[in-house]
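Remarks on the overall topology
If you want the building blocks of each chain, they are given just below.
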Amino acid sequence: DTKIRRGWYGGDSRKVLGFDCSGVVDSIGSSILQYKIGDEVYAMPILGSNGCYAQYVCVPESLVSKKPENLNFAEAAGVPLAAMTAYRAVIANRAFAKGDRVFVTGLAGGVGSFALQFLKQLGITEIFTIAKDKESADFLQKEMGLQPENILIYGDLSQGDLKEKLISMNQGRLYDATLDLVGGERKRLCKKKKKTSGH
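Now for a look at the structure at hand. (Residues numbered from 1 in each chain as written. Predicted model: local features only at pLDDT ≥ 70, side-chain atom pairs only at ≥ 80, totals over all residues. Heavy atoms only, no water.)

**Some points on the overall build of the protein chain**
Condition: In this description a helix means any DSSP run of H or I spanning at least four residues, a strand means any run of E spanning at least two, and both kinds are numbered starting from the N terminus. A simple rule labels every residue: compare its accessible area, found with a 1.4 Å probe on the protein chains alone, to the largest value its type can have, and call it buried under 20%, exposed over 50%, or partly exposed in between. We call two residues in contact whenever any of their non-hydrogen atoms come within 4.5 Å of each other. All accessible areas in this document rest on Shrake-Rupley with a 1.4 Å probe, and a residue is counted as covered only by the protein chains that are shown. Note on charges: Lys and Arg go in the positive column, Asp and Glu in the negative column, and His and the chain ends are not counted at all. Note on charges: their place is set at NZ of Lys, CZ of Arg, CG of Asp or CD of Glu.
If you tally the helices and strands in the protein chain, you get seven helices and seven strands. Projecting the C-alpha coordinates of the protein chain onto the three principal axes gives extents of approximately 60 × 35 × 35 Å. In the protein chain, which comprises 199 residues, the share counted as buried stands at 34%. Considering only residue pairs separated by 6 or more positions, the protein chain has 56% of its internal contacts joining residues 24 or more positions apart. Accessible surface computed for the protein chain: about 12,100 Å², of which carbon and sulfur atoms make up 50%. Of the side chains in the protein chain, 27 bear a positive and 22 a negative charge, and the two mean positions are spaced by 7 Å.

This is how it looks when you write it as structure tokens:
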């Protein structure tokens, strides 16, 4: 939404923005069976009547889910776009397989936290990443469950040293697959650190 407001994608930025929402069902169509008025839900209304910054949004039933009870509305509203982006990157494109050794950038972000869960669901246990400093590395270890030896702190490293240490961290080999959730230089880094036949 921020990037659209800044005009990064072109088009008309005057439309009502907002790709994620949560709230209470106010009304339903006559053919709706899964939900009732008063249900607490969250949604990604990409095919809806307008964006989620509006007071009301009309959304196709297939893009709505009941809000988990353990999430408040703000937490639930942060799930759809990040989760679907991670799903498309990890599950839908079928680029990852059990036993792969995978390098991921941007793992501590919203999309990254879902991507990590999807990678683990696929049976991938060797997941590697980078962190700017010790505080970030501690977060990745304690909150996201990464092994400390799979986290490279890059703070003061040159690009050459970073690339060299990434290979050393993976027992001197290129990675079976890489996933970039940052862009720019990190995307180029991921391309260079995957096997020729990798993804």
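**Quick notes on the layout of surface pockets**
Keep this limit in mind: Cavity and pocket criteria rest on a 1 Å grid covering protein atoms alone: a 1.4 Å probe that fits but cannot get out defines a cavity, protein on both sides within 12 Å along at least 5 of 7 lines defines an open pocket, and an atom within 4 Å of a point defines a lining residue. Grid points are joined across faces, edges and corners, and a volume is the space filled by probe spheres set on the points. Any residue outside Ala, Val, Leu, Ile, Met, Phe, Trp, Tyr, Cys, Pro, Asp, Glu, Lys and Arg is labelled polar, Gly included; the first ten of those are nonpolar and the last four are charged.
Estimates place the volume of the largest pocket at around 610 Å³. Along its surface, the largest pocket is lined by 24 residues, and Val 25, Asp 26, Val 57, Cys 58 and Val 59 are the ones closest to its centre. Contributing elements (two or more residues each) for the lining of the largest pocket: β1 (21-24) and β2 (40-43). By residue class, the composition of the lining of the largest pocket is 17 nonpolar, five polar and two charged. Space inside the second largest pocket adds up to approximately 310 Å³. As for the second largest pocket, its lining consists of 15 residues, and the residues nearest its centre are Met 44, Leu 63, Pro 80, Leu 81 and Met 84. At the level of secondary structure, the elements contributing two or more residues to the lining of the second largest pocket comprise β2, β3 (64-66) and α3 (80-92). With six residues, the top contributor of residues to the lining of the second largest pocket is α3.

**Some details on helix α6 (residues 159-169)**
What counts here: As used here, the arc belongs to the directions running from the helix axis to the C-beta atoms.
Taken together, the buried positions of α6 are occupied by Leu 162, Leu 166, Ile 167 and Met 169. Seen end-on, α6 carries its buried residues on one side only, within an arc spanning 160 degrees. What points out from α6, more than 90 degrees from its buried face, is the exposed set Glu 164 and Ser 168. Check the buried side of α6 and you find it contacts β4 (101-105), β5 (126-131), β6 (151-153) and α7 (185-192). Residue Gln 171 follows α6 closely and has a positive phi angle near 55 degrees.

**Looking at the environment of Val 41**
Mapped onto the elements, Val 41 comes out in strand β2. In the structure, Val 41 is positioned 24 residues away from Ser 65 in sequence and 5.6 Å away in space, judged by C-alpha atoms. Not counting residues up to four positions away in its chain, the partners in contact with Val 41 are Ser 22, Gly 23, Val 25, Tyr 35, Val 64, Ser 65, Lys 66 and Lys 67.

**A closer look at the side chain of Asn 150**
Using the following cut-off: Polar contacts, as used here, are pairs of N or O atoms within 3.5 Å; protein pairs need one atom able to donate a hydrogen and one able to accept it. Residues neighboring in sequence count only if both atoms are side-chain atoms.
Note that Asn 150 resides in the loop between α5 (134-142) and β6. You can call Asn 150 buried: its relative accessible area is 5%. Among the polar contacts listed, one links the side chain of Asn 150 to the side chain of Glu 126, at a separation of 3.4 Å. With near-sequence residues (within four places) excluded, Asn 150 lies in contact with Glu 126, Ile 127, Phe 128, Thr 129 and Met 169.

**Digging into the pattern of salt bridges**
Basically, it comes down to this: The salt bridge definition used is simple: a Lys or Arg side-chain nitrogen within 4 Å of an Asp or Glu carboxyl oxygen.
Taken as a whole and assessed by the stated rule, the structure comprises seven salt bridges. Here Asp 138 ties to Lys 134 by a salt bridge, and the two come within 2.9 Å at their closest N and O atoms. Taken together, the residues Asp 138 and Lys 134, both in helix α5 and four residues apart, mark about one turn of the helix. Judged by relative accessible area, which is 55%, Lys 134 ranks as exposed. A salt bridge links Arg 188 to Glu 185; its shortest N-O distance comes to 3.3 Å. One end of the pair is Arg 188 and the other is Glu 185, both in helix α7 and three residues apart, which spans about a single turn. The class for Arg 188 is partly exposed, based on a relative accessible area of 45%. By relative accessible area, which is 31% here, Glu 185 ends up partly exposed. One network of salt bridges, with partners in common, ties together Lys 36, Asp 39 and Lys 66.

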